[in-house]
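Structure at a glance
Letter by letter, the chains look like this.
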Amino acid sequence: MSRTSSTIWLPRSRRSPAMARQRLAALLSSTPHGECFLDSGLVITTEFVTNAVLHGTPIGHLIYFAVDVDPTRLRIEVHDARGDRVPSLSSPGLDGETGRGLQLVDSLAKRWGCCPRRPIGKIVWGEVAA
């Protein structure tokens, strides 16, 4: 079973979600059957990295993006420096402009969650099954 992974350090920048999507797309395009994970992987990557930029990364810190794919699943991890702000599903009102991203993640990922990162921060992760 082949296994392929990629990592990158990202700045606390609004450009970081696009950089992470490019990294994911490049990995999946070079992996046999990687295209079956592309659409869901791009949505999950965008949500996790955007949340890290907006809520999880203090000024002066970087975001660590890691992806791992094999024939049966894609795993996405985003590491940030704020362990005190963990993601949670919300129920935005009809007029709410935010709060739907993790609902999308929850519907696309086979499983996802958050765990502490030592010495500081957290890891938000999600897996997509083939």
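From a predicted model like this one, the values you see are computed outputs, not experimental measurements. Per-chain numbering applies: the sequence of each chain, read as written, is numbered from 1 onward. Residues qualify for local features only when their pLDDT is at least 70, as the model is predicted, and side-chain atom pairs are given and counted only at 80 or more; totals for whole chains, interfaces and linings, by contrast, use all residues. Values shown for side chains rest on all heavy atoms present in the structure; no hydrogens or waters enter the calculation.

**Considerations on the environment of phenylalanine 65**
- Secondary structure elements are taken from DSSP: a helix is a run of H or I of four residues or more, a strand is a run of E of two residues or more, and numbering for both begins at the N terminus. Tracing the backbone through its elements, the reader meets phenylalanine 65 in strand S2 (residues 63-70).
- Only heavy atoms matter for contacts: two residues are in contact if any of them lie within 4.5 Å across the pair. When neighbours within four sequence positions are excluded, phenylalanine 65 is seen to be in contact with Ser6, Thr7, Ile8, Leu10, Ala20, Arg23, Leu24, Thr45, Val49, Ile76, Glu77 and Val78.

**Points about the side chain of serine 40**
- In this structure, serine 40 sits in helix H2 (residues 38-56).
- Apart from the residues within four sequence positions on either side, serine 40 is in contact with Leu108 and Val128.

**A look at the nonpolar core**
- By nonpolar core is meant a set of buried Ala, Val, Leu, Ile, Met, Phe, Trp, Tyr and Cys residues that side-chain atoms within 4.5 Å join together. The rule is simple: take the accessible area with a 1.4 Å probe, protein chains only, and divide by the maximum for that residue type; under 20% is buried, over 50% is exposed, in between is partly exposed. Ranked by internal contacts, the top residues of the largest apolar core, which has 24 residues, are Phe48, Phe65 and Leu74.
- Top contributing element to this core by residue count: H2, with five residues.
- Beyond its immediate sequence surroundings of up to four residues, phenylalanine 48 is in contact with Ile76, Val78, Leu102, Val105, Trp112, Val124, Trp125 and Gly126.

**Description of a nonpolar patch on the surface**
- Patch criteria: residues need more than 30% relative accessible area and no salt bridge. Like-charged residues are merged within 9 Å; nonpolar side chains of Val, Leu, Ile, Met, Phe, Trp and Tyr are merged within 5 Å. Surface accessibility in these figures is a Shrake-Rupley result with a 1.4 Å probe; residues are shielded only by whichever protein chains are displayed. When a carboxyl oxygen of Asp or Glu is within 4 Å of a side-chain nitrogen of Lys or Arg, the pair counts as a salt bridge. On the surface, Val43, Leu104 and Leu108 cluster together to form a nonpolar patch covering roughly 210 Å² of accessible area.
- Of note, valine 43 is situated in helix H2.
- On the basis of relative accessible area, valine 43 is assigned to the partly exposed category, the value being 32%.

**Looking at the packing of helix H1 (residues 16-29) against H2**
- Here H1 crosses H2 at 150 degrees, and the two axes come no closer than 9 Å. The angle between the axes of H1 and H2 places the two elements in the roughly antiparallel class. The two elements H1 and H2 cross, and the hand of that crossing is right-handed. Where H1 abuts H2, its residues Ser16, Pro17, Ala20, Arg21, Leu24, Ala25 and Leu28 lie against Leu38, Gly41, Leu42, Thr45, Thr46, Val49, Thr50 and Val53.
- When the residues that make up the contact of H1 with H2 are grouped by side-chain class, the tally is nine nonpolar, five polar and one charged. The axes used here are C-alpha line fits, helices contributing only the stretch in contact, and every angle between their N-to-C directions lies in the interval 0 to 180 degrees. Orientation categories follow fixed angle ranges, with anything under 35 degrees roughly parallel, anything over 145 roughly antiparallel, 65 to 115 roughly perpendicular, and all other angles oblique. What makes a crossing left-handed is the near helix being turned counterclockwise from the far one by less than a right angle; a clockwise turn instead makes it right-handed. Note on residue categories: nonpolar means Ala, Val, Leu, Ile, Met, Phe, Trp, Tyr, Cys or Pro, charged means Asp, Glu, Lys or Arg, and polar means any other residue, Gly included.

**As for the side chain of threonine 57**
- By the element assignment, threonine 57 lies in the loop between H2 and S2.
- Taking the relative accessible area as the measure of exposure, threonine 57 reaches 4% and is therefore buried.
- In protein, a polar contact requires one atom able to donate a hydrogen and another able to accept it; more generally it is a pair of N or O atoms within 3.5 Å, and residues adjacent in sequence count only if both atoms are side-chain atoms. There is a polar contact of 2.8 Å between the side chain of threonine 57 and the backbone oxygen of alanine 52.
- For threonine 57, the residues in contact, after removing those within four places along its chain, are Arg12, Ala52, Leu62, Ile63, Asp80 and Arg82.

**Quick look at the packing of aromatic side chains**
- Aromatic rings from Phe, Tyr and Trp, taking only the six-membered ring of Trp, are treated as a pair when their centres fall within 6.5 Å; an angle between ring planes under 30 degrees marks them as stacked, one over 60 as edge-to-face, and anything in between as tilted. Tallied over the entire structure, the rule returns one aromatic pair.
- Between the aromatic rings of tryptophan 9 and tyrosine 64, the centroid separation amounts to 4.8 Å while the plane-to-plane angle is 55 degrees, which identifies the pairing as tilted. With tryptophan 9 in strand S1 (residues 4-10) and tyrosine 64 in strand S2, the pair connects residues that are 55 residues apart, well separated along the chain.
- On the accessibility criterion, tyrosine 64 (19% relative accessible area) is buried.

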